[in-house]
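Report on the structure
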Amino acid sequence: VRFNQNRLSIPLPANKKKVAALLTKLDLDVLHIQMPYSPLMAGFVMHAAPAKTKIVGTFHIVPASWLQTAGARSLQLLSRRTLKLFDEVIAVSTAAETFAKTVFGIDSVVLPNVVDTKQFEHAPLQRDVPTIVFLGRLVERKGCMHLLKAVRALKRIHKEEFEVVIGGKGPLLEELKAYTRKHELTNVRFLGFVDEAQKPSLLAGADIAVFPSTGGESFGIVLIEAMAAGARVVMGGDNVGYRTVLGEHPDLLVDPKDTKAFANRLAHFLEFEQARIDASVWARKAVKQYDVAYVGAKIIEIYRKR
């Protein structure tokens, strides 16, 4: 289905008897639901959970438009019975917290998404030429086309050689490739789908890892992954979710639709080594607050609370 300027799957109705049998077999202490959720799947699971099972939710999204907000309000009506079953709810950012309260009427505690940063740690990797890396779904909201437009402008103002690596797949792939051919962006390379094992080395070799999402982001796990892998500079679109992660270093945020400003910011980091060093030093310190050892302990505290 299309939602929040993205494409994603939605579960079909679950078999209530099979759900109840599985929960009896598992004898869960905690049932953790990712929110918003389907009343046809998670809703059934929550209703079937025994009284001893604590139900915790994590609210993830921020809508990209009024239409998505309207859709979420409709989902709230469908979910209103199961919303009462939650013992605790987490929001991954203040933006997600506000959305959970205003649309779903839920009070929540703010905890960032948890990332196993050790899984992404990688030895420093220097490529032959300065490299800009994009990694993500090739859908409109993730902003890859805006990056290519900025790269086209960048080539006019930055005369040194550089490479752009695009990792990911999605419905815009052929359109993006056609744009690079039309404008002779011969320094752009498409990798296609990148699996989890490949991510650390790809990001570790980035002089600039850029995620120019235009909105609809409640947090920024991809930013954390790039920071943990050791990308020299991690840039993101200036939206409420990415601001949660990069707000302490505002020069790392950019309006993806402002092609000239976007190109100038890329040129700044390509041309000034000290700017790259400053961004890298900050990232190495900042990423620690999102590690599973820190955030995971706080989630366990919520599980234990009665």
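Provided above is the structure to which this section pertains.
In what follows, the accompanying structure is described. Remember, it's a predicted structure, so these values are computed and weren't measured experimentally.

Observations concerning the overall build of the protein chain
When you go through the protein chain residue by residue, the secondary structure sums to 12 helices and 12 strands. For 306 residues, the compact-globule estimate of 2.2 N^0.38 gives 19 Å, and the C-alpha radius of gyration of the protein chain, at 21 Å, lies within 12% of that figure. Taking the principal axes of the C-alpha coordinates as reference, the protein chain spans close to 65 × 35 × 35 Å. Across the 306 residues in the protein chain, those meeting the buried criterion constitute 49%. Of the contacts made within the protein chain by residues no fewer than 6 positions apart, 75% connect residues no fewer than 24 positions apart. Summed over all atoms, the accessible surface of the protein chain reaches about 15,600 Å², with 54% contributed by carbon and sulfur. Positive and negative side-chain charges in the protein chain, numbering 42 and 31 respectively, have mean positions lying 8 Å apart.

Notes on the pattern of salt bridges
According to the stated counting rule, one finds 11 salt bridges in the structure shown. One salt bridge in this structure joins Lys101 and Asp107, with 2.9 Å as the shortest N-O distance. Ionic pairing is found between Glu163 and Arg189, a salt bridge with its closest N-O pair at 3.0 Å. One end of the pair, Glu163, is in strand S8 (residues 163–167); the other, Arg189, is in strand S9 (residues 188–192), and 26 residues separate them in sequence. Because the salt bridges share partners, they merge into one network encompassing Asp27, Asp29 and Lys52.

What to know about the environment of Leu85
Along the polypeptide, Leu85 turns up in the loop between helix H3 (66–83) and strand S5 (88–91). According to the relative accessible area criterion, Leu85 is partly exposed, its value standing at 31%. Along the primary structure Leu85 and Ala49 are separated by 36 residues, whereas in three dimensions their C-alpha atoms are 9.9 Å apart. When neighbours within four sequence positions are excluded, Leu85 is seen to be in contact with Met46, His47 and Ile55.

Some thoughts on the packing of helix H5 (residues 144–157) against helix H6 (residues 173–182)
Think of two packed helices as two axes; the pair is described by the angle between the axes and how far apart they sit. Here H5 crosses H6 at 5°, and the two axes come no closer than 10 Å. It follows from the interaxial angle that H5 and H6 lie roughly parallel. Residues Cys144, Met145, Leu148, Lys149 and Arg152 of H5 pack against Glu175, Leu176, Tyr179 and Thr180 of H6.

Some words on the sheet that holds S8
Taken in spatial order, the six strands of this open sheet run S9-S8-S7-S10-S11-S12, and their pairing is parallel. The strands lining the two open edges of the sheet, one partner per strand, are S9 and strand S12 (253–254). The pairing of strand S10 (residues 208–211) with strand S11 (residues 233–237) spans four bridges and is classified as parallel. The residue of S11 that forms the bridge with Ala209 is Val234. Where helix H8 (residues 221–229) meets the sheet, its contacts fall on S10 and S11, and the angle it forms with S11 comes to roughly 170°. Along the sheet, helix H10 (residues 259–271) makes contact with strand S7 (131–135), S10, S11 and S12, crossing S11 at roughly 170°.

Calculation criteria
- Residues numbered from 1 in each chain as written.
- Predicted model: local features only at pLDDT ≥ 70, side-chain atom pairs only at ≥ 80, totals over all residues.
- Heavy atoms only, no water.
- Helix = DSSP H or I, 4+ residues; strand = E, 2+ residues; numbered from the N terminus.
- Rg over C-alpha atoms; globule rule 2.2 N^0.38 Å.
- Buried < 20%, exposed > 50% of the residue type's maximum accessible area, 1.4 Å probe, protein only.
- Contact = heavy atoms within 4.5 Å.
- Areas by Shrake-Rupley, 256 points an atom, 1.4 Å probe, with all protein chains shown as cover.
- Lys, Arg positive; Asp, Glu negative; His and termini not counted.
- Charge placed at Lys NZ, Arg CZ, Asp CG, Glu CD.
- Salt bridge = Lys/Arg side-chain N within 4 Å of Asp/Glu carboxyl O.
- Axes fitted to C-alpha atoms, helices over the stretch in contact; angles between N-to-C directions.
- Parallel < 35°, antiparallel > 145°, perpendicular 65-115°, else oblique.
- Pairing = 2+ DSSP bridges.

Just geometry here; none of it tells us what the structure is for.
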